[in-house]
Amino acid sequence: MDVYEAIGRRRDVRAEFTGAPLDDDTLRRVLGAAHAAPSVGMSQPWDFVLVRDPETKRAFHAHVHEERAAFAATLAGERAETFERIKIDGILESTLSVVVGYDPSRGSPAVLGRHAIADAGLYSVCLAIENLWLAATAEGLGVGWVSFYREEFLRDLLDMPEHVRPVAWLCLGPVEGMQEVPDLERHGWRSRVPLVEVLHAERYARKG
């Protein structure tokens with residue numbers, strides 16, 4: 001699978017996890033791809049917490065669904081009906097979860113390239129996540145990014161230090177297949193806009 005095929009096939013997986021075992025060599029390759037991501041000042045500010053414990057998963061799942069209910073309460077009409085059909089996570093179904101943290105102290109006090117853009121370290125962590133996602137796709141695995149959570153809850157759940165920011169809970173594992181169309185598009189929540197709509201020429205307002 002070349003990189004363009006992996007990009008095209010990548011999906012945010014929720015319902016397709018099988019729970020089948022994931023061998024250590026494959027997991028090591030996927031994590032190695034994440035760790036090979038570029039980072040501002042070569043700071044490598046990421047950490048990966050592998051979560052397999054069912055009790056931890058259940059506790060996080062319960063919290064996520066409390067947050068799902070809070071968001072659902074803000075919706076009405078067609079939006080509420082559409083959201084009701086959308087599955088938001090594969091926490092209990094996936095083989096394991098990878099929680100990605102951002103440690104801004106990594107490489108400090110002088111992180112080359114971060115002096116003017118404080119979030120450059122956070123961007124680096126997102127690059128590691130994308131590397132992980134594409135590598136997993138190339139391995140035939142699914143990844144689902146769970147975003148219905150409070151950062152302080154997840155930090156406390158995993159005993160993460162106060163200065164480390166939990167950026168992503170990623171569900172990871174073998175899947176029965178990938179959807180041809182992303183879930184949110186299939187369910188009518190949003191559609192992908194054409195590339196031309198986000199292209200600008202020379203200045204932001206001049207599209208082309």
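The rules behind each value
- Counting starts from 1 at the beginning of each chain's written sequence and moves along it residue by residue.
- Owing to the predicted nature of the model, reporting of local features is limited to residues with pLDDT of at least 70; listing and counting of side-chain atom pairs is limited to 80 or more, with chain, interface and lining totals taken over all residues.
- Computation of side-chain values covers all heavy atoms of the structure but excludes hydrogens and water.
- Only DSSP runs of H or I reaching four residues or more are called helices, and only runs of E reaching two or more are called strands; each is numbered from the N terminus.
- Here's how the labels work: a residue is buried when its accessible area is under 20% of the maximum for its type, exposed when over 50%, partly exposed in between, all with a 1.4 Å probe on protein chains only.
- In protein, a polar contact requires one atom able to donate a hydrogen and another able to accept it; more generally it is a pair of N or O atoms within 3.5 Å, and residues adjacent in sequence count only if both atoms are side-chain atoms.
- Buried Ala, Val, Leu, Ile, Met, Phe, Trp, Tyr and Cys residues form a nonpolar core when they are joined through side-chain atoms within 4.5 Å.
- Here, residues are in contact when the closest pair of their heavy atoms is within 4.5 Å.
- The charge count includes Lys and Arg as positive and Asp and Glu as negative, but it does not include His or the ends of the chains.
- A side-chain nitrogen of Lys or Arg and a carboxyl oxygen of Asp or Glu constitute a salt bridge if their distance falls within 4 Å.
- Centres within 6.5 Å are what make two rings of Phe, Tyr or Trp a pair, Trp counting through its six-membered ring; a difference in plane orientation under 30 degrees is then read as stacked, over 60 as edge-to-face, and the rest as tilted.
- By definition, being over a ring means that NZ of Lys or CZ of Arg is both within 6 Å of the ring centre and within 35 degrees of the ring normal.

**Student:** Could you give an account of the environment of E93, with specific residues and numbers?
**Tutor:** Secondary-structure assignment places E93 in the loop between α4 (77-84) and β2 (96-102). Classification of E93 by relative accessible area gives partly exposed; the value is 33%. Separated by 43 residues in the primary sequence, E93 and A136 have C-alpha atoms spaced 17 Å apart.

**Student:** How would you sum up the side chain of S97? Please name residues and give values.
**Tutor:** Among the structural elements, S97 can be located in strand β2. Judged by relative accessible area, S97 falls into the buried class, the value being 0%. Within the local environment of S97, its side chain forms a polar contact with the side chain of W169, the two groups lying 2.8 Å apart.

**Student:** Could you give me a rundown of the nonpolar core, with the residues and numbers involved?
**Tutor:** Core analysis: the biggest nonpolar cluster contains 24 residues, and V98, I129, L132, L170 and L172 have the highest contact counts within it. Those elements that place two or more of their residues in this core are α2 (24-35), β2, α5 (120-138), β3 (141-146) and β4 (165-174). When residues of this core are assigned to their parent elements, the largest contribution, seven residues, is made by α5. Filtering out sequence-adjacent residues up to four positions away, L172 remains in contact with F17, L22, L27, S94, T95, L96, V98, A136, L141, G142 and V143.

**Student:** Report on the side chain of R155, specifying residues and quantitative values.
**Tutor:** Residue position: R155 is located in helix α6 (residues 151-157). Lacking a salt bridge, the buried R155 has E162 as its closest oppositely charged neighbour, with an N-O distance of 4.2 Å. Once you skip the residues sitting within four places of it in the chain, R155 turns out to touch M160, P161, E162, V164, R165 and P166.

**Student:** Could you give me a rundown of the packing of aromatic side chains, with the residues and numbers involved?
**Tutor:** Each aromatic ring pair is specified by the distance between its two centres and by the angle formed by the two planes. All told, the structure shown has eight aromatic pairs when counted by the stated rule. With centroids separated by 5.1 Å and ring planes inclined at 80 degrees, the aromatic side chains of F71 and F83 adopt a geometry described as edge-to-face. Residue F71 is found in helix α3 (residues 54-72), and its partner F83 is found in helix α4; the two are separated by twelve residues along the sequence. For F83, a relative accessible area of 5% puts it in the buried group. Look at W133 and W145: their rings are 6.3 Å apart centre to centre, the planes differ by 50 degrees, and that puts the pair in the tilted class. Taken together, the residues W133 in helix α5 and W145 in strand β3 connect sequence positions twelve residues apart. Taking the relative accessible area as the measure of exposure, W145 reaches 26% and is therefore partly exposed. Clustering of aromatic rings is evident, with ring pairs tying together F71, F83, F148 and W189. Just above the ring of W133 sits the side chain of R10; from NZ or CZ to the centre is 4.7 Å. The ring of W189 has R79 sitting right over it, with the charged end atom 4.0 Å from the ring centre.

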